[in-house]
Every structure is written in C-alpha cells, then in structure tokens.
Amino acid sequence: YALEKSLDKYEYFWLCEPDVYFCNKDSTQFFKAFEKIESDCLILRYGKAAPNLAFFHTSKVLDGVPMSCLFPLSRLKKSAINTLFEFRKELSVSFLNRKFLPNQYPNDEIFVATTLNRLGLNILKIEDFTSFDTRLYTADQNEAMTIEEAEKITGEFIVHPVLENSVYMEKKINNFKG
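Let me sum up the structure you'll find in this document. (Residues numbered from 1 in each chain as written. Predicted model: local features only at pLDDT ≥ 70, side-chain atom pairs only at ≥ 80, totals over all residues. Heavy atoms only, no water.)

Turning our attention to helix α4 (residues 108–118). For α4, the buried fraction is high: eight of the 11 residues fall into the buried class. Residues of α4 that are buried include every one of E109, I110, F111, V112, A113, T114, T115 and L116, and no others. Taken together, the buried residues of α4 touch β3 (41–48), β4 (67–77), α3 (78–96) and β5 (123–125). Downstream of α4 by a residue or two, G120 has a phi angle that is positive, lying close to 75°. (Buried < 20%, exposed > 50% of the residue type's maximum accessible area, 1.4 Å probe, protein only. Helix = DSSP H or I, 4+ residues; strand = E, 2+ residues; numbered from the N terminus. Contact = heavy atoms within 4.5 Å.)

Given below as structure tokens:
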C-alpha cells in the first residue's frame, strides 16, 4: 500500500516476493506478455477457496464467496490497491475493537481474492496468459527447493518457493521437530 502512494504515476504494480524464481535468464519476457492486458488484478491459481485450505476459516469475516489465489506473484491496478487498502483499514478496526479473534484475520490470498471478487472487479489468472510453466509454483512449503536446485531447471518456468540453503534447512528441521 505504501509503495502505491509514493509511485503515483503508475497504473499497475507487480508484487514479486523474494522466493519467486524465474528459471529463464530474462524474466522481463514474462512481464512483457501482460503489458497490454487490462485488468484490476492478475493473479495465479485464482478460484473458489476450498474448505480444507489452511486459511479458509479467515474468510468467514469477509462478505462474499470465499476465494483464494497464490499471492507471491501478482499485479494490481492502482485503483484496486486503493480499494483494498480502504477495506483492509475497515476490517482492521473490527479486529482492534475485538469483534473478531486475531487468528481470524484474513491472509492476503483470502482477503484480496474474496474482496475483489465481491466487488465485481476484473480478476484474471496469470496462467491463462503466459507461456511460462507454473506447475512448480506452489504455496506448499514441503515443495520448496533451494536456489541451487532451481538453477538447474532450464526453460520458461516460474518456481515458488525457492529458498536459500540455510532457510531451506531451517524450515525442514522445524517441520521435522514440529
């Protein structure tokens, strides 16, 4: 939200979290495919949220059909960001006033997908417009790979999550302990 306020001459903003990895040498090829596509939101794996989704319970505090997506690589229109920010502030007041429990606060995937859908904004799936293969793009931390592993993949692939060796090992050890 803060970035949108400081870069006011742009119509769209891409979010690309640091654990998203482009296997080809030139990631700009991926972004060029979307330059002429008009939408309020471009996102991966957008659709109705499954009840077994880890954050599904957080959708109960939102109006509308529970929706989800994978948020680490997404593009939002400036007006959609402003709208989401206003709804996020409104929702946060309910939590600050203890209307809901802290564990009910919607994560970004549930919040963005459900709110934009309820408002009838134009949401498109990234995978419908790219030649890049997204089959290795997941939210499952058990499917994470190291940077060294991802570097061995050639072609137009987007991989998520890709972690540094130390972070990868720490997550694996914590999963083993927990």
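Below, the discussion takes up the nonpolar core. One finds I43, Y46 and L116 to be the most contacted residues of the largest nonpolar core, which totals 23 residues. Elements represented by at least two residues in this core include exactly β3, β4, α3 and α4. If we skip the residues at most four places from it in the chain, Y46 touches M67, S68, C69, A113, N117, I123, K125 and E127. L42, L44, F132 and I158 belong to the second largest nonpolar core, which has 14 residues in total. (Core = buried A, V, L, I, M, F, W, Y, C linked by side-chain atoms within 4.5 Å.)

With that settled, consider the packing of α3 against α4. Where α3 contacts α4, the two axes come as close as 11 Å, and the packing angle between them is 110°. Relative to α4, the element α3 lies roughly perpendicular. Handedness of the α3/α4 crossing: right-handed. Of the residues in α4, those touching α3 at A80, L84, F87, R88 and L91 are D108, F111, V112, T115, L116 and R118. Here the residues of the contact of α3 with α4 are counted per class, giving seven nonpolar, one polar and three charged. (Axes fitted to C-alpha atoms, helices over the stretch in contact; angles between N-to-C directions. Parallel < 35°, antiparallel > 145°, perpendicular 65-115°, else oblique. Left-handed = near helix turned anticlockwise from the far one by under 90°. Nonpolar A, V, L, I, M, F, W, Y, C, P; charged D, E, K, R; others polar.)

This brings us to the environment of F100. Within the fold, F100 resides in the loop between α3 and α4. For the pair F100 and T138, spaced 38 residues apart in sequence, the C-alpha to C-alpha distance is 29 Å. Beyond its immediate chain neighbours, meaning those up to four positions away, F100 contacts V61, S94 and F95.

Pairs may arise between side chains of opposite charge once their charged atoms sit close together. Overall, the coordinates contain four salt bridges when judged by the stated rule. For E11, the salt bridge identified is with K77, shortest N-O distance 3.6 Å. You can see E11 sitting in the loop between α1 (2–6) and β1 (12–16) and its partner K77 sitting in strand β4, a full 66 residues away along the chain. Since its relative accessible area comes to 41%, E11 is described here as partly exposed. (Salt bridge = Lys/Arg side-chain N within 4 Å of Asp/Glu carboxyl O.)

All right, on to the sheet that holds β3 then. With mixed pairing, four strands are arranged side by side in an open sheet as β1-β4-β3-β5. In this open sheet, the two strands that pair with only one neighbour each are β1 and β5. Averaged over neighbouring strand pairs, the angle between their axes works out to 50° when direction is ignored. Strand direction decides the pairing type here: β1 and β4, joined by five bridges, are antiparallel. Considered in β4, the bridge of F13 is made with L76. Where α3 meets the sheet, its contacts fall on β1 and β4, and the angle it forms with β4 comes to roughly 130°. (Pairing = 2+ DSSP bridges.)

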